Amino acid sequence: MSRYFITTPIYYVKDAPHVGHAYTTVNADALARWHRLVGDEVFFLTGTDEHGQKVARAAEEQGMSPLAWTDALSPRFAEAWAGLDISNDDFIRTTEPRHAAAVQQFLSRINDNGHIYKDTYRGLYCVPCERYYGPDELLPGNLCPDHRIPLEELEEDNYFFRLSSFQQPLIDWYEANADIVLPESKRNEALSFIKGGLNDISITRTSIDWGVRVPWDEAHVFYVWYDALINYVTAIGYGQDDDRFAEWWPSVHHLIGKEIIRFHCVWWPAMCMAAGIDPPAQVQVHGWLLLGGDKMSNSSVNRITPADLADEYGVDPLRYHLLRDIPLGSDGEFSAEGISARYNADLANTLGNLLSRVATVVGSKCGGVGPAPDGGSRLAGIAVDVLAEAVAAWDAGAPHLALESTWRLLRETNAELESAEPWKAEPGPEVDAVLGSALEVLRIVSILIVPAMPSSAREIWRRIGLEGDPADQRLPAAGAWGGYPGGRAVEKGAPLFPRRKD
Ligand code: MSP
């Protein structure tokens, strides 16, 4: 058994979560659920990033103290994730005492190791990004490349982290580990940034006091990104519980959006090296959900909440769409038509249709009792291939491919039923063989869709007469052909995914 520690970025509590945040969280959840299915011990962490100027300003605009604001906003993330069936094991808030303690210890260690010094900093700062930009990174007119707003000139006495001295160690680390950053294009992007030369970075602020205090100089608070990245080690007991920390670190997989590559693929591994711990095992980078060609964000006029979509389409269909239609690593345009089209094609017409057909014919030809599968079915070979493809796809961080293969098995099964037409045949061994194999496919598919659609998986499992929860099955053993026992009552029930008219 191996350990799998998966994280999402911790989200700024500037506003309630939007679908872009849900995209990351659902993908991380699916990965966590997949790893539980294959028997790994999983720790899945998400949470909220509550310090920094951006949050302080959002609170001020509402006439609230930053803490009152974050206390009000952070639970909205936790609630949104509960509403999407997210199975996180912990939810960290950077305003928690456990986090302040870890940040202070981690950065004191870096300081003690000689990687921090004091100097004056002058530069152009983007508050929404919470970072300084160099002149070569800006859009014409000194605009932020992400937010397209004019940047603010700031000058401060800061403590600096000697990032420059980690250039060669980072290059060596990248060269020794081919897949620390996925996909490869993002690995190359990070590596070429490192090879282009690294400047030291300012890690403290005196201009605000909403942050974790610098233990060796109380006039300063740590810059929000420094505080935020450390959440990943706080949650597994850094500085508090060494045994626990050693169990989970560095077997960590950070799932992040592409705009925060530099923080996770350059700064964070360098910080880990400076603090004397191993850098993270893997950073998986995904693209953006776009709305009309622009990144969805809190500030978009047409902001859509995950809860609205879950009400309209159902939690599992929303999760399925996010996983199936926007391959991790690519950008994807978000649209109501896109969700509806996927819903009708894959859920109503393929999976839902198979389930209701099988249940109906088992009712009419087998007295409602599901027969055992046929060992010689053509579908058995396809199921073996699909299981292998799913394993490979999840390992490669490609949920869309895992689901695509799974749907191939479903389509082949529907095709098999159409050619055998058991609904027209006399009850007997041939009908039993066809229906038993279709039930076996439904059993295997229930397990394979646990990461994407955990409650639909449970419902299919129950309707075909199986006990317990498919999430408790263990792959690959449970995916072997022939596991459906037969002799179980199969329930017809209402359509699981009624066809949408829009
Ligand atoms: N607080 C920092 C992260 C600190 S991690 C130590 C931050 N927060 S954020 O609220 O802006 O969320 C960023 C993450 O939300 C992105 O990296 C991405 O995972 C997700 N997304 C936000 N908008 C998104 C889209 N439009 N599309 C896809 N993911 C998006 O940055």
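Structure's up top.
Residues numbered from 1 in each chain as written. Predicted model: local features only at pLDDT ≥ 70, side-chain atom pairs only at ≥ 80, totals over all residues. Heavy atoms only, no water.

What about the site of the ligand?
Around the ligand lies a shell of 25 residues, among which Ile10, Thr24, Asp49, Leu289 and Met296 are the nearest. In the environment of the ligand, an oxygen atom lies 3.2 Å from a nitrogen or oxygen atom belonging to the side chain of histidine 286. Between a nitrogen atom of the ligand and a main-chain N or O atom of leucine 289, the distance comes to 2.8 Å. Surface burial for the ligand is 96%, taken as the share of its 670 Å² of free accessible area covered by protein chains. Put simply, the parts of the chain that give the shell around the ligand at least two residues each are β2 (11–12), α1 (19–37), α7 (224–229) and α8 (231–234). Take the shell around the ligand: its biggest share by element is four residues, from α1. Of the residues assigned to the shell around the ligand, the class counts are 13 nonpolar, nine polar and three charged. (Near = heavy atom within 4 Å. Polar contact = N/O pair within 3.5 Å; in protein donor to acceptor, adjacent residues only side chain to side chain. Areas by Shrake-Rupley, 256 points an atom, 1.4 Å probe, with all protein chains shown as cover. Helix = DSSP H or I, 4+ residues; strand = E, 2+ residues; numbered from the N terminus. Nonpolar A, V, L, I, M, F, W, Y, C, P; charged D, E, K, R; others polar.)

Re the environment of alanine 275
Tracing the sequence through the fold places alanine 275 in helix α10 (residues 261–275). Taking the C-alpha atoms as reference points, alanine 275 and serine 185, 90 residues apart in sequence, are found 28 Å from one another. If we skip the residues at most four places from it in the chain, alanine 275 touches Phe106, Arg109, Ile110 and Asn113. (Contact = heavy atoms within 4.5 Å.)

Considering helix α6 (residues 184–195)
Between its terminal C-alpha atoms α6 stretches 16 Å, which fits the 16 Å expected from 12 residues at 1.5 Å a residue. Considering only its buried residues, α6 is in contact with α5 (167–176), β8 (181–182), α10 and β13 (282–286). (Expected span 1.5 Å × (residues − 1).)

Examining the sheet that holds strand β9 (residues 201–202)
Within a sheet, adjacent strands bond to each other through the backbone by hydrogen bonds, running parallel or antiparallel. Ordered in space as β6-β5-β7-β9, the four strands form an open sheet in which the pairing is antiparallel. Whereas interior strands pair on both sides, the edge strands pair on one side only; in this sheet they are β6 (131–133) and β9. Pairing analysis gives two bridges linking strand β7 (residues 152–161) to β9, with the strands arranged antiparallel. Of the residues in β9, the one forming a bridge with phenylalanine 161 is isoleucine 201. Here α10 sits on the sheet in contact with β6, β7 and β9, set at roughly 30° to β7. (Pairing = 2+ DSSP bridges. Axes fitted to C-alpha atoms, helices over the stretch in contact; angles between N-to-C directions.)

Points about empty space enclosed by the protein
For the structure shown, the criterion picks out one cavity of 30 Å³ or more. Within this model, the largest cavity holds a volume of roughly 50 Å³. Around the largest cavity, the lining residues are Gly52, Gln53, Tyr125, Glu130, Arg205, Ile208, Trp210, Val221, Phe222, Tyr223 and Val224. A breakdown of the residues in the lining of the largest cavity according to their chemical character gives seven nonpolar, two polar and two charged. (1 Å grid on protein atoms, 1.4 Å probe; cavity = no way out; pocket = protein on both sides within 12 Å on 5 of 7 lines; lining within 4 Å. Points joined across faces, edges and corners; volume = space filled by probe spheres on them.)

Some remarks on unusual backbone geometry
The omega angle of the peptide bond from leucine 182 to proline 183 is -10°, so this bond is cis rather than trans. Looking at where proline 183 falls in the secondary structure, it is placed in the loop between β8 and α6. Not every positive phi belongs to a glycine, and aspartate 85 is a case in point at roughly 60°. Relative to the elements of secondary structure, aspartate 85 occurs in the loop between α3 (66–83) and β4 (90–93). Positioned with a positive phi, arginine 148 is a non-glycine residue whose angle comes to about 55°. With respect to the secondary-structure elements, arginine 148 resides in the loop between β6 and β7.

Describing the packing of aromatic side chains
The way to describe two aromatic rings as a pair is by their centre distance and the angle between their planes. Inspection of the entire model under this criterion finds 29 aromatic pairs. Look at phenylalanine 5 and tryptophan 248: their rings are 6.4 Å apart centre to centre, the planes differ by 70°, and that puts the pair in the edge-to-face class. Remark: tryptophan 248 occurs in helix α9 (residues 242–248) and phenylalanine 5 occurs in strand β1 (residues 3–7); sequence separation between them is 243 residues. With respect to burial, phenylalanine 5 and tryptophan 248 carry one shared label: buried. Positioned above the aromatic ring of tyrosine 133 is the side chain of arginine 131, whose terminal nitrogen or guanidinium carbon lies 3.9 Å from the ring centre. Cation over ring: arginine 205 sits above tyrosine 223, and NZ or CZ is 4.2 Å from the ring centre. (Phe/Tyr/Trp six-rings, centres within 6.5 Å; stacked < 30°, edge-to-face > 60°. Buried < 20%, exposed > 50% of the residue type's maximum accessible area, 1.4 Å probe, protein only. Lys NZ or Arg CZ within 6 Å of the ring centre and 35° of its normal.)

Quick notes on the packing of α1 against helix α12 (residues 315–325)
Look at α1 against α12: their axes get within 10 Å of each other, and the N-to-C directions meet at 85°. Between α1 and α12, the interaxial angle falls into the category roughly perpendicular. In this structure, α1 contributes Val19, Ala22, Tyr23, Val26, Asn27, Asp29, Ala30 and Arg33 to the contact, and α12 contributes Arg319, Leu322 and Leu323. (Parallel < 35°, antiparallel > 145°, perpendicular 65-115°, else oblique.)

Re the layout of surface pockets
Its volume calculated, the second largest pocket comes out at about 520 Å³. Lining the second largest pocket are 22 residues, with Arg131, Glu137, Asn199, Ile201 and Arg262 positioned closest to its centre. Breaking the lining of the second largest pocket down by element, the ones donating at least two residues are β6, β9 and α10. A breakdown of the residues in the lining of the second largest pocket according to their chemical character gives 11 nonpolar, five polar and six charged.

Digging into the sheet that holds strand β15 (residues 294–295)
One open sheet accounts for three strands, arranged β15-β14-β16; its pairing is mixed. Of all strands in the sheet, those with a lone pairing partner are β15 and β16 (332–333), marking the two edges. Bridge analysis of strand β14 (residues 289–291) against β15 gives two bridges, and the strand direction is antiparallel. The residue of β15 that forms the bridge with leucine 290 is lysine 295.

Some details on the pattern of salt bridges
What the rule picks out here adds up to 35 salt bridges. Linking glutamate 155 and arginine 122 is a salt bridge whose minimum nitrogen-to-oxygen distance equals 2.8 Å. Residue glutamate 155 is found in strand β7, and its partner arginine 122 is found in strand β5 (residues 116–126); the two are separated by 33 residues along the sequence. On the basis of relative accessibility, which here comes to 53%, the residue arginine 122 falls in the exposed class. Here glutamate 459 and arginine 462 are joined by a salt bridge, their closest N and O atoms 3.0 Å apart. Taken together, the positions of glutamate 459 and arginine 462, both in helix α17 (residues 454–463) and three residues apart, correspond to about one turn of that helix. Residue class for glutamate 459 comes out partly exposed when judged on its relative accessible area of 21%. (Salt bridge = Lys/Arg side-chain N within 4 Å of Asp/Glu carboxyl O.)

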